[in-house]
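The lines below spell out each chain.
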Amino acid sequence: MRSRLTLTRVAAVLSIVALVVAGGIALAQRGDNSAPSPVSAGISTQGATPGVRLETVATEIPGALDVASPPNDASTLYVVVQQGTIEAMDRDGSNRRTVLDLTDRVKSGGEQGLLGLAFHPDYARNGLVYAYYTDRTGEVRLSEFTTDGERIDPESERSLLTVPQPGDTHNGGRIEFGPDGLLYAGVGDGGGIGAPRSRAQFNEDLLGTLIRIDPTPDGEAAYTIPADNPFVGDPQARPEIYAYGLRNPWRFSIDDETGAVWIGDVGHDLVEEVTSASLADARGGNFGWDAFEGTRPRLGPVALIGDAWIRPTIQYSHDFGCSVTGGFVYRGDELAQLRGRYLFSDFCSGTVWSADAQTGDDIRQETELGPKLAGVTTFGEDADGELYVVGAGTVYRFTSS
Ligand SMILES: [Ca+2]
């Protein structure tokens, strides 16, 4: 079970404490009587997990921001490049080649570009892959492609959905099939210059949400709405929405072993946060933005979202970074000491942390990995459960030292 903030832990942490305590006091003053919230007090400086290092897989891939392998086949890695290509390579980084080129339809730069890739669970049989990108009009687009097992055919694109964006930022980006065989996508709130509020608390559109669809066509519709999606039949909400209250869930992951979703939600100007919840608890759940940044109230939100919002599991101030890069719970074989630990980082600081995935606690600063990372855009997981991290165009694999 996750413990809540304790005095012991308050004493141990750094300047995030003031934010967390302020949030806690504010909640108490409003008569909040919901269950204790799973809030880690901040980022500790506890020592690194022993015997773990980073091995370089590939270098000089500017714009690299995702890495994955097909299901049941970790022999080939696919690296997503922001400008609009997917580069495939053998597991050791050799035999690098471009297997998809969407540069003719991707708008790239800043937070825009080709942002995410997912293989269909039955990829070996049907050759279907999914890509999430900002198109030339600046809209977010989720599309299906077919492959012959080597090249992904750009002409095979079947557009599933688009999300109009109020601005250039907060586009989300990750897509992943869950253990239920359904496709999840993290959709940012769209930023938007001059907008009085984020769209994350309003579910008439997909901005600021985690969506879930079955990509199988449904008659004339390009995809199928799962019958047990939480807002099916609600005239005030889009039926694709699985959870909401997100700012920019740039990287999330679903832990197949526990069924927990881990969302790294990029903060505004004060708090970065990672929230884990079982898919059951996340169903229809409100992750708080833009009423709260972490546990810090922002907009007099109580009447708006009530008590039943999902608190962060881990949060930290901008003394430790500026933009969280959510990662994965390690479930591989090679590193027993990392098994069951959630790895994450920050784009700005390049620090890699790990936390006990059961408790969200026991946060370690992984300082013994070897290379000092910069510009950490993503973590990736291959079919064997081994993990990767990408920083400044270099792809690394976590391995034993
Ligand atoms: Ca939140």
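Residues numbered from 1 in each chain as written. Predicted model: local features only at pLDDT ≥ 70, side-chain atom pairs only at ≥ 80, totals over all residues.

Caption draft 1: Quick look at the overall build of the chain. Helix and strand content of the chain: five helices and 26 strands. Scored against the burial criterion, the 401 residues of the chain give a buried share of 49%. A sequence separation of at least 24 residues applies to 59% of the contacts in the chain between residues at least 6 apart. (Helix = DSSP H or I, 4+ residues; strand = E, 2+ residues; numbered from the N terminus. Buried ≥ 20, exposed ≤ 12 C-beta atoms within 10 Å, placed from the backbone. Contact = placed C-beta atoms within 7 Å.)

Caption draft 2: Main features of the sheet that holds strand 21 (residues 341-346). On the basis of which strands lie adjacent, the open sheet formed by four strands has the order 20-21-22-23 and antiparallel pairing. Each edge of the open sheet carries a strand with a single partner, namely strand 20 (324-329) and strand 23 (364-365). Across four bridges, strand 20 lies against strand 21 in antiparallel orientation. Within strand 21, the position partnered with Val329 by the bridge is Tyr342. (Pairing = 2+ DSSP bridges.)

Caption draft 3: Just the sheet that holds strand 8 (residues 140-146), in detail. Overall, antiparallel pairing links the four strands, which are arranged 6-7-8-9 in an open sheet. Lying at the two open borders of the sheet, with one neighbouring strand each, are strand 6 (114-119) and strand 9 (158-163). On average, adjacent strands in this sheet sit at an angle of 15 degrees to one another, irrespective of strand direction. Relative to strand 8, strand 7 (residues 128-134) runs antiparallel, the two sharing seven bridges. Looking at the pairing, Tyr130 lines up with Glu144 of strand 8. (Axes fitted to C-alpha atoms, helices over the stretch in contact; angles between N-to-C directions.)

Caption draft 4: Structural detail: the confidence of the model for the chain. This prediction gives the chain a mean pLDDT of 88; 87% of its residues lie at or above 70. This stretch, residues 1-41, has a pLDDT under 50; its non-local contacts, to residues over four places away or in other chains, come to 69 contacts. (pLDDT = per-residue confidence, 0-100.)

Caption draft 5: Spatial organisation of the pairing of strand 15 (residues 260-265). Most of strand 15 is tucked away, with six of its six residues classed as buried. Of the two faces of strand 15, both are covered, the one formed by Ala260, Trp262 and Gly264 as well as the one formed by Val261, Ile263 and Asp265. With five bridges connecting them, strand 14 (residues 251-255) and strand 15 associate as antiparallel partners. By the bridge assignment for strand 15, Ser253 is matched with Trp262.

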